[in-house]
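Topology and contacts: notes
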Amino acid sequence: MIHSLRQAAFKHGYLIITAAWLYTISFVFSNYWSYHASPQKVSNTLEQRLQKQEQAFARVTSDTALLAALIEQTTESPDPLQDDIGLFLYKPGNIQGSLSLVYWNTNRMYVNNDDVDSREGSFFIG
């Protein structure tokens with residue numbers, strides 16, 4: 001009995017390996033396509049990420065002591081926003097109407113002075 005099972009495994013072992021590979025590939029494709037390809041799933045993922053980043057940004061901007069310490073640079077503090085969120089702090093310059101950049105936490109993006117002089121509020125800059 002064992003001898004015949006061993007012969008069958010050696011003779012048709014490629015079928016077991018092929019079946020295992022097909023099962024693995026189908027599992028990967030079904031999980032990837034069902035999660036990432038649906039417009040609703042992509043929309044939900046983006047919305048959750050944006051909400052998380054907005055909450056982190058609101059938490060940092062509501063801490064006035066932290067912002068004052070970052071502007072005055074009295075102590076060396078770690079980056080309050082660890083994610084891909086840019087924090088740029090300006091204070092009035094010597095010339096009336098001018099602003100000088102005193103703190104930034106990332107080199108991945110840059111804010112032009114024209115964008116800083118625009119209206120107050122929260123908005124995306126492209």
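This section reports on the structure supplied with the text. As the structure is a prediction and not an experimental result, all values here were calculated from the model. (Residues numbered from 1 in each chain as written. Predicted model: local features only at pLDDT ≥ 70, side-chain atom pairs only at ≥ 80, totals over all residues. Heavy atoms only, no water.)

1. Observations regarding the overall build of the chain
Within the chain, the secondary structure is distributed over four helices and two strands. Of the regular secondary structure in the chain, the N- to C-terminal order runs α-α-α-β-β-α. The globule rule puts the C-alpha radius of gyration for 126 residues at 14 Å, and the 28 Å found for the chain is more than 25% above it. Considered along the principal axes of its C-alpha atoms, the chain spans approximately 95 × 35 × 25 Å. Burial status across the chain gives 15% buried among its 126 residues. (Helix = DSSP H or I, 4+ residues; strand = E, 2+ residues; numbered from the N terminus. Rg over C-alpha atoms; globule rule 2.2 N^0.38 Å. Buried < 20%, exposed > 50% of the residue type's maximum accessible area, 1.4 Å probe, protein only.)

2. Thoughts on helix α2 (residues 39–61)
Given 3.6 residues to a turn, an α-helix orients residues that are three or four positions apart in the same direction. Between its first and last C-alpha, α2 extends 33 Å over 23 residues, near the 33 Å set by a 1.5 Å rise per residue. Within α2, burial applies to Q53, A56 and V60. At its buried positions, α2 is contacted by α3 (64–72). (Expected span 1.5 Å × (residues − 1). Contact = heavy atoms within 4.5 Å.)

3. Brief notes about the environment of D117
Locating D117 in the fold gives a position in the segment after α4 (113–116). The class of D117 is exposed, set by a relative accessible area of 51%. Sequence separation between D117 and T61 is 56 residues; the distance between their C-alpha atoms is 19 Å.

4. Looking at the environment of D114
Its location among the elements puts D114 in helix α4. Assessed through its relative accessible area of 65%, D114 is described here as exposed. D114 sits 44 residues away from L70 along the chain, and the two C-alpha atoms are 23 Å apart.

5. Description of the side chain of N105
With respect to the helices and strands, the residue N105 is situated in the loop between β2 (99–104) and α4. Among the polar contacts made by the side chain of N105, one reaches the main-chain carbonyl oxygen of I85 at a distance of 3.1 Å. A polar contact is formed between the side chain of N105 and the backbone nitrogen of L87, at a distance of 2.8 Å. Setting aside anything within four residues of it in sequence, one finds N105 in contact with D79, L81, I85, G86 and L87. (Polar contact = N/O pair within 3.5 Å; in protein donor to acceptor, adjacent residues only side chain to side chain.)

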